[in-house]
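Structure assessment
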Amino acid sequence: MQLQFPDGAKRDYETGITARAVAEGISPSLAKRAALARIDGHLRDLDRPIEGDARIEFLMRDDPAVLDTIRHDTSHVMAEAVQELFPGTQVTIGPAIEDGFYYDFARETPFSLEDLPKIEQRMREIVDRDEKITREVWDRNEAIKHFEAIGEAYKAEIITDLPESETITVYRQGNWKDLCLGPHLPSTKMVGKAFKLTKLAGAYWRGDHRNAQLQRIYGTAWATQADLDAYLLRLEEAEKRDHRKLGRSMDLFHMQEEGRGMVFWHPKGWQLWRTLEAYMRRRLDAAGYVEVKTPQVLDRSFWEKSGHWEKYRPNMFVCETEEGEVLSLKPMNCPGHVQIFDYGQRSYRELPLRMAEFGACHRYEPSGSLHGLMRVRGFTQDDAHIFCREDQIVEETARFVELTRMIHKDLGMETAYVNLATRPEIRAGSDEFWDKAEGMLGEAARLAGVKPVIAEGDGAFYAPKLDFIVKDAIGREWTCGTLQLDYVLPERLGAEYVAEDGSKQRPVMLHRAILGSFERFIGIMIENYAGAFPLWLAPTQVVVATITSDAESYGQRAVETLRAAGLRVEGDFRNEKINYKVREHSVAKVPVIAVVGRKEAETGQVALRRLGSDGQQIVSLEEAARILGAESLPPDLRENT
RNA sequence: GCCGCUUUAGCUCAGCUGGUAGAGCACCUCAUUCGUAAUGAGGGGGUCACAGGUUCGAGUCCUGUAAGCGGCACCA
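Residues numbered from 1 in each chain as written. Chains lettered and ligands numbered in written order. Predicted model: local features only at pLDDT ≥ 70, side-chain atom pairs only at ≥ 80, totals over all residues. Heavy atoms only, no water.

Attention now moves to the overall build of chain A. When helices and strands are counted, chain A shows 22 helices and 33 strands. A principal-axis box enclosing the C-alpha atoms of chain A has dimensions of 85 × 75 × 60 Å. Here chain A holds 641 residues, and the buried ones make up 50% of them. The long-range fraction of contacts in chain A, counting pairs at least 24 apart against all pairs at least 6 apart in sequence, stands at 68%. (Helix = DSSP H or I, 4+ residues; strand = E, 2+ residues; numbered from the N terminus. Buried < 20%, exposed > 50% of the residue type's maximum accessible area, 1.4 Å probe, protein only. Contact = heavy atoms within 4.5 Å.)

Written out as structure tokens, the structure reads:
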């Protein structure tokens, strides 16, 4: 057989030769340094026989493509360590994940945090033992028998559930064995010691809460210690951006026990909200939306009609009056919007009707899912429903994709990609319906210049949807924005319009949101900007800080002048050193500090200091008002000037 | 909801093997008028999450509850 090397050279080899043997034929040091082979684009163990003509490439340990294998192997080293230290613990699965790995164990007594250093220590010993890692192909039934015999019920179950055609491979690592697909590094030595066990968690077997709960140990692993250190530093940095910390230190909002998942917005946080809401309102007005407001609490019979009582009840805040009337806080705005659509007669001439609401919703979310502003029980959606004809879906969707990308960009985030969530296993509607629906959303995205990423099976049970994923400043991804097709609710609630031929027709609804919820989006913005908002969003835009009390009356004038220019300005005339004031307002992330002393008071100037820079810009007060006034314009208002 | 961890002053945290609470920042008062990231001195402030229990004695040990944190599940 013939192998082709990356430089294009081709050489003949005996069929079934291993990659390692090929490497040794080239140079012993290559064979020693190689971590994995890439055969026709697939990562393979070095000792795996090559069965026919192929392209071959050797990957060294520092190759980025090897990192996942290092992580996967580290999880195996951990599993070996755990089984040595805690006999009777069963292994289940242990994959590489982003930045690290985990392994799920079945064990009566849970692990404690104190166990982690012991496990790490044993892992280092296993690395030092330089255990050879070898691949073996086993007979299916023998493998099941073997794993059952040694008490590894989960492994036996995995094999039982594998399709008959699957090759059963077992990796031997010293005296330890694990059922695994591979590939793996040649020995535990090559796994290295740039790892750290990070957290303990419960996790359900096969991700299903009806199954047994396993003990998961998470870790991180890297090719080098330097990479590990850099990662740990990155975690620390991310922690500093945590919106819950910044929310407290910047006095934006708080939450308390009596209102789990409910937000108390403080004046500065609410200012941020108002700025965002005003911006969104202008963008929606310009995009041809009409805004409405629907009731917060509606009778049970209403939710029965909409279908929520049956399907969504556990998540609803239900209340009862003295007279026994049962009502619910709205968990969604859509049924309310359909009421407005249904009120009176609609004509095809009114379509597409884009009905928006900053709708405050309440959902009883499971206690364990609450997380700062990101997952709350009371939230306000930037919701809208587009009522349209079927032939308008593509155009409306395309317009929405464009609007969403523009708004995300204005708010400091790029739409990283758009998911097209397709038909789930359990679904309503025919295959023809799904073909058509998925086709329309995909076409619309492409019309708007976006190639959607297919999220197989992630759609709602009655229709597909588009999800917009944005990336923040430190590379984290957030799902913000969604568009969901809906033929069902208009049907349920009897939405109709009169068509050109006088017949009654049913509109299609597009549920759509750009921010998702204000709470969550503001949380994301806080983390994205690390609290240092651009001028137009900052709650306090300028602080006028005096150097001595001599400058106070001039400082007061400066505050008034800047306020007259539309800026949110505060004066700091306290008897404190300018160093102290500069530090305090910098820590509070105020974008501009306008310093005024005796000199400025005499010349009618201000010394502007921008957050993050220690330079000064000395301009006349009027000039400062002009510059900052222009700079503080929201992006949508700036475009027109 | 499930698993693990945590809960001490407004915030961040210290309090060893049980002997009755401490720091920094913040806050208040006084002095200081000082040109770009912390001026000095003084002062006030805690039912140690809550409820039981063990003990002569509990912030410290045990049990339960609640909330927070990290995951899992959930997010039609």
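So that's the structure; there's more coming.
Among the 50 residues in the neighbourhood of RNA strand B, the closest are listed as Gln213, Met332, Ser367, Asn575 and Arg609. Those atoms of RNA strand B that come within 4 Å of the protein belong to sugar or phosphate at a rate of 51%. Arginine 609 places a polar side-chain atom, nitrogen or oxygen, 2.3 Å from a sugar or linking oxygen of RNA strand B. Tallying contributions element by element places helix H19 (residues 578-587) first for the surface near RNA strand B, with seven residues. Its residues assigned to classes, the surface near RNA strand B comprises 19 nonpolar, 17 polar and 14 charged. (Near = heavy atom within 4 Å. Polar contact = N/O pair within 3.5 Å; in protein donor to acceptor, adjacent residues only side chain to side chain. Nonpolar A, V, L, I, M, F, W, Y, C, P; charged D, E, K, R; others polar.)

Note that side chains of opposite charge can pair when their charged atoms are close. Enumeration over the complete set of coordinates arrives at 50 salt bridges. Arginine 610 is the partner of glutamate 631 in a salt bridge, and the nearest nitrogen-oxygen pair spans 2.6 Å. Placement of the pair is glutamate 631 in helix H21 (residues 621-631) and arginine 610 in strand S32 (residues 605-610), with a sequence separation of 21 residues. Several salt bridges share partner residues, and in doing so they unite Glu80, Glu84, Arg122, Glu125, Arg129 and Glu131 into one network. (Salt bridge = Lys/Arg side-chain N within 4 Å of Asp/Glu carboxyl O.)

Quick look at the packing of aromatic side chains now. This model, assessed by the stated rule, comprises 22 aromatic pairs. A ring pair is formed by phenylalanine 105 and phenylalanine 111, whose centres lie 5.8 Å apart and whose planes are at 75 degrees; its orientation type is edge-to-face. Residue phenylalanine 105 shares its accessibility class with phenylalanine 111, and that shared class is buried. Ring-pair connections join several aromatic residues into one group, and the members of that group are Phe253, Trp265, Trp270, Trp273, Phe358 and Phe518. (Phe/Tyr/Trp six-rings, centres within 6.5 Å; stacked < 30°, edge-to-face > 60°.)

This part covers the confidence of the model for chain A. Here chain A averages 92 in pLDDT, and 100% of its residues register 70 or above. Interface predicted TM-score (ipTM) for the complex: 0.92; the corresponding pTM is 0.90. (pLDDT = per-residue confidence, 0-100.)

For soluble globular proteins, the rule of thumb is that nonpolar side chains tend to be buried together. By size, the foremost hydrophobic cluster in this structure holds 68 residues, and its most contacted members are Tyr289, Leu411, Leu515, Ile522, Met525 and Phe533. If you tally residues by element for this core, the top one is helix H14 (residues 393-410), at seven residues. By size, the runner-up hydrophobic cluster in this structure holds 35 residues, among which are Leu67, Phe105, Leu116 and Ile126. (Core = buried A, V, L, I, M, F, W, Y, C linked by side-chain atoms within 4.5 Å.)

Quick look at unusual backbone geometry now. In this model, glycine 182 is joined to proline 183 through a cis peptide bond whose omega is -5 degrees. Even without glycine at this site, aspartate 130 takes up a positive phi of about 55 degrees. As for its position among the elements, aspartate 130 is in the loop between helix H4 (115-129) and strand S9 (133-138). With a relative accessible area of 28%, aspartate 130 lands in the partly exposed category. In the Ramachandran plot, arginine 206 falls in the positive-phi region, its phi being about 60 degrees despite a non-glycine side chain.

The next subject is the sheet that holds strand S19 (residues 326-329). Strand order across the open sheet formed by three strands is S17-S19-S18, with antiparallel pairing between neighbours. Strand pairing shows two members of the sheet lacking a second neighbour, strand S17 (297-299) and strand S18 (318-320), which therefore form its edges. Here the average twist between neighbouring strands, direction ignored, is 35 degrees. Two strands pair when backbone bridges link them, and S18 and S19 are joined in this way by three bridges, in the antiparallel orientation. Bridge pairing in S19 links glutamate 320 to valine 326. (Pairing = 2+ DSSP bridges. Axes fitted to C-alpha atoms, helices over the stretch in contact; angles between N-to-C directions.)

Below, the discussion takes up the packing of helix H3 (residues 67-85) against H4. The geometry of H3 relative to H4 is characterised by a closest axis approach of 8 Å and an angle of 115 degrees between their N-to-C directions. With respect to H4, the axis of H3 lies roughly perpendicular. Pair H3 / H4 crosses with right-handed handedness. Touching Thr74, Val77, Met78, Glu80, Ala81, Val82, Glu84 and Leu85 of H3 are Lys118, Ile119, Arg122, Met123, Ile126, Val127 and Arg129, all from H4. Partitioned by chemical class, the residues of the contact of H3 with H4 number nine nonpolar, one polar and five charged. (Parallel < 35°, antiparallel > 145°, perpendicular 65-115°, else oblique. Left-handed = near helix turned anticlockwise from the far one by under 90°.)

Turning to the domain arrangement of chain A, a few remarks are in order. Domain annotation of chain A identifies domain 1 (2-60), domain 2 (66-231), domain 3 (253-294 + 330-529) and domain 4 (542-638). The gap between the C-alpha centroids of domain 1 and domain 2 is 27 Å. Tallying the contact residues gives 13 residues for domain 1 and nine residues for domain 2. Here domain 1 and domain 2 share an interface that buries about 800 Å² over both sides, 59% of which is from carbon and sulfur atoms. (Domains from an automatic or database assignment. Buried area = accessible area lost by both parts, 1.4 Å probe.)

Our next topic: the packing of H14 against helix H15 (residues 431-447). For the pair H14 and H15, interaxial distance at closest approach is 8 Å and the crossing angle is 45 degrees. The angle between H14 and H15 places the two elements in the oblique class. Every pair of crossing elements has a handedness; the one defined by H14 and H15 is right-handed. For the pair formed by H14 and H15, the contact residues are Ile393, Val394, Thr397, Ala398 and Val401 on the first element and Met440, Leu441, Glu443, Ala444, Ala445 and Leu447 on the second. Split by residue class, the contact of H14 with H15 holds nine nonpolar, one polar and one charged.

Bringing the sheet that holds strand S1 (residues 2-4) into the picture now. If you trace the five strands from one edge of the open sheet to the other, you get S2-S1-S5-S3-S4, paired in mixed fashion. Taken across any chain shown, the strands that pair with only one partner, and hence form the sheet edges, are strand S2 (10-12) and strand S4 (42-44). Neighbour-to-neighbour, the strand axes of this sheet turn through a mean angle of 35 degrees, independent of strand direction. The pairing of S1 with strand S5 (residues 54-60) spans two bridges and is parallel. Bridging from a neighbouring strand, glutamine 4 pairs with arginine 55 of S5. Its contacts with the sheet place helix H1 (residues 19-26) against S1, S2, strand S3 (34-39) and S5, and it is angled at close to 75 degrees to S5.

Let us now look at the pairing of strand S29 (residues 542-546). Along any regular strand, the residues point their side chains to alternate faces of the sheet. With five of five residues buried, S29 lies mostly within the body of the structure. Alternating positions in S29 separate into two faces, Val542, Val544 and Thr546 on one and Val543 and Ala545 on the other, with burial throughout. Examined bridge by bridge, S29 and strand S30 (residues 569-572) share four bridges and lie parallel to one another. Bridging across to S30, valine 544 finds its partner in glycine 571. Sheet analysis places S29 next to strand S31 (residues 592-596), joined by five bridges and oriented parallel. In the strand pairing of S31, valine 542 is matched with valine 592.

Once that is clear, we can look at the environment of proline 267. Secondary-structure assignment places proline 267 in helix H10 (residues 267-286). Considered as a pair, proline 267 and lysine 305 are 38 residues apart in the sequence and their alpha carbons are 40 Å apart.

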